[in-house]
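Single-letter residue listing:
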Amino acid sequence: MSQMSCCGVNDYRDFDASLAWVSNKGNRTLPEACCVLKDVSQMLPRDDDCVINPSESNSFYKKVNYM
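Residues numbered from 1 in each chain as written. Predicted model: local features only at pLDDT ≥ 70, side-chain atom pairs only at ≥ 80, totals over all residues. Heavy atoms only, no water.

**Details of the overall build of the protein chain**
Selection rule: Starting at the N terminus, helices and strands are each numbered in turn, a helix being any DSSP run of H or I of at least four residues and a strand any DSSP run of E of at least two. Note that the radius of gyration is over C-alpha atoms, with the globule rule given as 2.2 Å times the number of residues to the power 0.38. We call two residues in contact whenever any of their non-hydrogen atoms come within 4.5 Å of each other. Exposure was quantified through the Shrake-Rupley algorithm and a 1.4 Å probe, taking into account, for residues, occlusion by the shown protein chains and nothing else. The charge count includes Lys and Arg as positive and Asp and Glu as negative, but it does not include His or the ends of the chains. Lys charges are placed at NZ, Arg charges at CZ, Asp charges at CG and Glu charges at CD.
Counting its regular elements, the protein chain contains one helix and two strands. Going from the N terminus to the C terminus, the protein chain shows its helices and strands as α-β-β. A compact globule built from 67 residues would reach a C-alpha radius of gyration of about 11 Å, and the protein chain, at 11 Å, matches this within 12%. In the protein chain, of all internal contacts separated by at least 6 residues, the share reaching a separation of at least 24 is 38%. Looking at the protein chain as shown, the accessible area adds up to about 4,700 Å², and 53% of this sits on carbon and sulfur atoms. The centroid of the 7 positive side-chain charges in the protein chain is displaced by 3 Å from the centroid of its 9 negative side-chain charges.

What follows is the structure, given as structure tokens:
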């Protein structure tokens, strides 16, 4: 997702349908893969606050229209 600058098919709320995500997300709003990353291989967000407080500058949480 980070390579395609997206977060889910529609947006970050797509993950709420995943039992694995819901049961393991803790206080995170979205997965690390939805953040702008500083290290893709280790899935480290550039902004440590991204998974809790995503914004347009630190994540891809909104749907991007390519058409």
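Anyway, onward from the coordinates.
**Description of the nonpolar core**
Keep this limit in mind: We define a nonpolar core as any set of buried Ala, Val, Leu, Ile, Met, Phe, Trp, Tyr and Cys residues linked to one another through side-chain atoms lying within 4.5 Å. Here's how the labels work: a residue is buried when its accessible area is under 20% of the maximum for its type, exposed when over 50%, partly exposed in between, all with a 1.4 Å probe on protein chains only.
Counting residues in each nonpolar core, the largest one holds 10 residues, listed as Cys7, Phe15, Trp21, Leu30, Cys34, Cys35, Leu37, Cys50, Val51 and Tyr61. Discounting chain neighbours no more than four positions away, the residues touching Trp21 are Phe15, Asp16, Arg28, Thr29, Leu30 and Pro31.

**Observations concerning unusual backbone geometry**
Non-glycine residue Ser5 carries a positive phi angle of around 55°. Looking at the secondary structure, you find Ser5 in the segment before helix 1 (19-24). Since its relative accessible area comes to 28%, Ser5 is described here as partly exposed. At Met43, a residue that is not glycine, the phi angle is positive and equals roughly 55°. Here Met43 shows up in the loop between strand 1 (37-39) and strand 2 (44-45).

**A few points about the state of the cysteines**
The condition is simple: Our working definition of a disulfide is a cysteine sulfur pair at a distance within 2.5 Å.
For the coordinates displayed, the defined rule picks out two disulfides. Covalent S-S linkage joins Cys7 and Cys34, the inter-sulfur distance amounting to 2.1 Å. In this structure the cystine formed by Cys7 and Cys34 twists about its S-S bond by roughly 80°; its chirality is therefore right-handed. With Cys7 in the segment before helix 1 and Cys34 in the loop between helix 1 and strand 1, this residue pair connects regions lying 27 residues apart in the sequence. Overall, the relative accessible area of 0% leaves Cys34 in the buried class. Across the disulfide, Cys35 is cross-linked to Cys50 (sulfur-sulfur distance 2.1 Å). Measuring the twist about the S-S bond at about -100°, one finds the Cys35-Cys50 disulfide to be left-handed. Here Cys35, found in the loop between helix 1 and strand 1, pairs with Cys50, found in the segment after strand 2; they are 15 residues apart in sequence, far enough to count as distant. Judged by relative accessible area, Cys35 falls into the buried class, the value being 0%.

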